[in-house]
Amino acid sequence: METGIPLLPFAIDANLNPMPDSERLKAFENLGFGTLFTDHMAVIRWSVDAGWHDAKITARAPFAIDPASAVLHYAQEIFEGMKAYRTTDDKIVLFRPDQNAKRFAQSAERMAMPVLPQALFLRAVEELVRVDRNWVPSGDSSLYLRPFMFASEAFLGVRPAREYIFSVIASPVGPYFKGGSKPIAVWTAEHYSRAASGGTGAAKCGGNYAGSLVAQAEAQRHGCDQVVFLDAAEHRYVEELGGMNIFYVMADGSLVTPPLGGTILPGITRASIMTLAAESGLKVEERRYTFAEWQDDSKSGKLKEAFACGTAAVVAGIGTVRYEGGEFQIGDGSVGPVTESLREKLVGLQRGVTADPHGWVHPVP
Ligand SMILES: Cc1ncc(COP(=O)(O)O)c(C=O)c1O
């Protein structure tokens, strides 16, 4: 159930000490991922008694929270990841933000948190982007937006908290992977799993990521960019990466991706790619695919390409797969033509370069 009123008044308290233009533009020359932040943030509070209240855009600053805040103990926290793009004709657009608002609401339900009305989610994101519009870089870079909500009630009992803070922060970003558009190497975690049936795998909650870090560190130790998780029950079926969904391009031209089923994050990029692929005449199958099949099909040539997709990296070709028993290559190890063409289609839409028949592109006036 949604709680509160969407048309809450939004106060705008401008940052009196914004980063000087020259400093910001200098920083834009060498953008990494998630290390530089804009001048402002959005904040909305919720309590059992007052509902959603105190909505504002304010100077970005630390929160003062009580050491007993429930989030610090029981991890009642959810978040979203989305981007604002500067189009070639200098407009600022969001890509399918309604889908982020919807997924945020679903994550809230799963984590026994109040559901922020989707209109209020969108309003907070839009107000922040408007105030920090100079922070939206052009070209291949973008402004990564991080809406999040946490339990702020000071209380040590184990039950849903009665107070929450919703906030949006923003970070201008360049490529997610250091290698840019080069194919990535992935590590298959054969012992650690990310999500089990009935768990929180389909929610975008911080705890899912905390549990994945040891596997991600293992991936990095093996020279890999990302970890691939297998299903928790049998450790056989490929599910998704630490922060991205996965697709396979078969020799017959069809696309295969693991079905959602509650343990996988329902990626907005994944859904968009399924639509774009089907429109370009590719058969798209959501079906379970084992790690053994992945190895066999790579060797036999039945599998031509594999790619990871998500808001942060958009589409990243997978060149090499490592695991405890060794490693194998996909195709000739380079980014394949189907991956490249789907990436171009998606990026063209996101950047306002190609027509948008689906109404996915949301201008921020
Ligand atoms: C675990 C996980 N899977 C998939 C995705 C891709 O989702 P989206 O395409 O909505 O960014 C993400 C990124 O947000 C993620 O963290």
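Think of each chain on its own: its residues are numbered from 1, step by step along the sequence as written. Side-chain atom pairs in this predicted model are given and counted only at pLDDT of 80 or more, local residue features only at pLDDT of at least 70, and totals for whole chains, interfaces and linings cover all residues. Values shown for side chains rest on all heavy atoms present in the structure; no hydrogens or waters enter the calculation.

Visitor: Explain the overall build of the protein to me, using residue names and the numbers behind them.
Guide: Along its length, the protein carries 9 helices and 18 strands. Radius of gyration here uses only the C-alpha atoms, and the compact-globule reference equals 2.2 Å multiplied by the residue count raised to the power 0.38. Against the globule reference of 21 Å for 365 residues, the protein gives a C-alpha radius of gyration of 21 Å, in line with a compact fold. Overall size of the protein, expressed as C-alpha extent along the three principal axes, is 60 × 50 × 35 Å. Relative to its full complement of 365 residues, the protein shows a buried share of 52%. For this count, His and the chain ends are skipped, Lys and Arg are scored as positive, and Asp and Glu as negative. All charge positions are set by atom: Lys at NZ, Arg at CZ, Asp at CG, Glu at CD. Taking the average location of the 35 positive side-chain charges in the protein and that of its 42 negative ones, the two points are 1 Å from each other. Working definition: helices are DSSP H or I runs of at least four residues, strands are E runs of at least two. Numbering for both runs from the N terminus. Only protein chains enter the accessibility calculation, which uses a 1.4 Å probe. A residue is then buried if its area is under 20% of the maximum for its type, exposed if over 50%, and partly exposed in between.

Visitor: I'd like a description of the nonpolar core, backed by residues and values.
Guide: Grouping buried Ala, Val, Leu, Ile, Met, Phe, Trp, Tyr and Cys residues that are joined through side-chain atoms within 4.5 Å yields what is termed a nonpolar core. Counting 54 residues, the largest nonpolar core has Ile-44, Trp-52, Val-129, Leu-145, Met-149 and Phe-166 as the members making the most contacts within it. Not counting residues up to four positions away in its chain, the partners in contact with Met-149 are Trp-52, Gln-76, Glu-77, Ile-78, Phe-104, Ala-108, Met-113, Pro-114, Tyr-164, Ile-165 and Phe-166. With 25 residues, the next largest nonpolar core counts Leu-230, Ala-313, Ala-316 and Ile-318 among its residues. A contact between two residues is defined here by any heavy atoms of the two lying within 4.5 Å.

Visitor: So what's going on with the domain arrangement of the protein? Which residues, and what values?
Guide: Each domain's extent was defined by an automatic or database domain assignment. Under the domain assignment, the protein is made up of domain 1 (11-173) and domain 2 (184-350). Taken over C-alpha atoms, the centre of domain 1 sits 27 Å from the centre of domain 2. As a working definition, buried area equals the accessible area (1.4 Å probe) given up by two parts on being put together, with both sides summed. Summed over both partners, the interface of domain 1 with domain 2 comes to about 1,600 Å²; 62% of that surface belongs to carbon and sulfur atoms. A per-residue breakdown of the area domain 1 buries against domain 2 is headed by Phe-79, Phe-95 and Arg-103, which together make up 37% of the total. Secondary structure elements with two or more residues in the side of domain 1 that touches domain 2: strand S4 (77-79), strand S5 (82-86), strand S6 (92-95) and helix H3 (97-110). Tallying contributions element by element places H3 first for the side of domain 1 that touches domain 2, with 5 residues. Residues belonging to the side of domain 1 that touches domain 2 are distributed by class as follows: 9 nonpolar, 4 polar and 6 charged. Residues are grouped as follows: Ala, Val, Leu, Ile, Met, Phe, Trp, Tyr, Cys and Pro are nonpolar; Asp, Glu, Lys and Arg are charged; every other residue, Gly included, is polar.

Visitor: Tell me about the packing of aromatic side chains, residues and numbers included.
Guide: Aromatic pairs are defined between Phe, Tyr and Trp rings, using the six-membered ring for Trp, whenever the two ring centres lie within 6.5 Å; interplanar angles under 30 degrees are classed as stacked, those over 60 as edge-to-face, and all others as tilted. Applying the stated criterion to the full structure yields 21 aromatic pairs. On the basis of an interplanar angle of 55° and a centroid distance of 5.7 Å, the ring pair of Trp-46 and Tyr-164 is categorised as tilted. You can see Trp-46 sitting in strand S2 (residues 40-47) and its partner Tyr-164 sitting in strand S8 (residues 163-173), a full 118 residues away along the chain. A relative accessible area of 12% places Trp-46 in the buried class. Ring plane angle 80° and centroid distance 5.3 Å describe the contact between Phe-291 and Tyr-323, whose orientation is recorded as edge-to-face. Taken together, the residues Phe-291 in helix H8 (residues 291-300) and Tyr-323 in strand S16 (residues 314-323) connect sequence positions 32 residues apart. Taken individually, Phe-291 and Tyr-323 each receive the classification buried, so the pair is uniform in this respect. One aromatic cluster is present, formed by Tyr-248, Tyr-289, Phe-291, Trp-294, Tyr-323 and Phe-328 through successive ring pairs. The criterion for a charge sitting over a ring is simple: Lys NZ or Arg CZ within 6 Å of the ring centre, and within 35 degrees of the ring normal. Its guanidinium or amino end placed over the ring of Phe-37, Arg-60 lies 4.3 Å from that ring's centre, counting from NZ or CZ. The lysine or arginine in question, Arg-159, covers the ring of Phe-155, its NZ or CZ lying 3.7 Å from the ring centre.

Visitor: Please provide a residue-by-residue account of the environment of Glu-305, values included.
Guide: Looking at the element boundaries, Glu-305 is found in strand S15 (residues 303-310). Residues Glu-305 and Phe-247 lie 58 residues apart in sequence; the distance between their C-alpha atoms is 8.4 Å. Excluding its chain neighbours within four sequence positions, the residues that come into contact with Glu-305 are Phe-247, Tyr-248, Val-249, Ile-330, Gly-336, Pro-337, Val-338 and Thr-339. At 3.1 Å, the side chain of Glu-305 and the backbone nitrogen of Val-338 are in polar contact. Think of a polar contact as two N or O atoms within 3.5 Å of one another; within protein, one of them needs to be a possible hydrogen donor and the other a possible acceptor, and neighboring residues in sequence only count if both atoms come from side chains.

Visitor: If you had to explain the pairing of strand S12 (residues 245-250) to someone new, which residues and values would you point to?
Guide: Within S12, 6 of the 6 residues are buried, which leaves the element mostly enclosed by the surrounding structure. Taking every second residue as pointing to the same face, both faces of S12 are buried, with Asn-245, Phe-247 and Val-249 on one and Ile-246, Tyr-248 and Met-250 on the other. In this sheet, S15 lies alongside S12 in antiparallel orientation, the contact comprising 6 bridges. Along S15, the bridge assignment pairs Met-250 with Leu-303. Pairing between strands requires that DSSP locate at least two bridges from one strand to the other.

Visitor: Describe the environment of Cys-205, with residues and values.
Guide: With respect to the helices and strands, Cys-205 occurs in the loop between strand S9 (184-189) and helix H5 (206-210). Put simply, Cys-205 and Val-338 are 133 residues apart on the chain and 32 Å apart in space, counted from C-alpha to C-alpha. Excluding anything up to four places from it in sequence, Cys-205 contacts Glu-77, Ile-78, Phe-79, Met-111 and Thr-200.

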